[in-house]
Amino acid sequence: MTETELSILREDGPVSGRYFIRLAPGFEAEMTFRKADNGTITIDHTGVPPEYEGRGIAARLVNRAVADAREQGFKITPVCSYVVAQFRRHPEWADLRA
């Protein structure tokens, strides 16, 4: 698996969505979110199959959400413990926090 094979996709429903990466047949990494009426998203879960842990895949998902928030002007409420930790590590993201 190379860097270019790690395409991050986004699915949006009316009240929720997810960012995900198809890693191999039957394996996906995902980060799910709920949408609020005020235009924020609440990231509530991040999961990477154990076979793919330790490769920075979850961080890529968070980075994509942060990039989308900057580009599209929405805020993020991190609830997932991994995303909370990433926001603590990146004080430059403080302006994106709802």
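The coordinates are above.
Residues numbered from 1 in each chain as written. Predicted model: local features only at pLDDT ≥ 70, side-chain atom pairs only at ≥ 80, totals over all residues. Heavy atoms only, no water.

Here we take up the overall build of the protein chain. Looking only at helices and strands, the protein chain features two helices and five strands. The secondary structure elements of the protein chain, listed N-terminal to C-terminal, are β-β-β-β-α-β-α. For 98 residues, the compact-globule estimate of 2.2 N^0.38 gives 13 Å, and the C-alpha radius of gyration of the protein chain, at 13 Å, lies within 12% of that figure. For the C-alpha atoms alone, the extent of the protein chain along its principal axes is close to 35 × 30 × 20 Å. For the protein chain, with 98 residues in total, the buried portion stands at 40%. Look at the contacts in the protein chain between residues 6 or more apart in sequence, and 39% of them connect residues 24 or more apart. A total accessible area of about 5600 Å² is found for the protein chain, and carbon and sulfur atoms account for 50% of it. (Helix = DSSP H or I, 4+ residues; strand = E, 2+ residues; numbered from the N terminus. Rg over C-alpha atoms; globule rule 2.2 N^0.38 Å. Buried < 20%, exposed > 50% of the residue type's maximum accessible area, 1.4 Å probe, protein only. Contact = heavy atoms within 4.5 Å. Areas by Shrake-Rupley, 256 points an atom, 1.4 Å probe, with all protein chains shown as cover.)

Moving on, we come to the pattern of salt bridges. Taken as a whole and assessed by the stated rule, the structure comprises ten salt bridges. With a closest N to O distance of 3.2 Å, Arg10 and Asp68 form a salt bridge. Here Arg10 is found in strand β1 (residues 9–12), whereas its partner Asp68 is found in helix α1 (residues 57–72), with 58 residues between them in sequence. For Arg10, a relative accessible area of 25% puts it in the partly exposed group. In this structure Asp68 comes out as buried when scored by relative accessible area, which is 7%. Across the salt bridge formed by Arg64 and Asp68, the nearest N and O atoms sit 3.2 Å from each other. Of this pair, Arg64 and Asp68 both sit in helix α1, four residues apart, which is roughly one turn of that helix. The exposure class assigned to Arg64 is partly exposed, which follows from its relative accessible area of 28%. Ionic contacts of the salt-bridge type, sharing partners, join the residues Arg10, Asp12, Lys35, Arg64 and Asp68 into one network. (Salt bridge = Lys/Arg side-chain N within 4 Å of Asp/Glu carboxyl O.)

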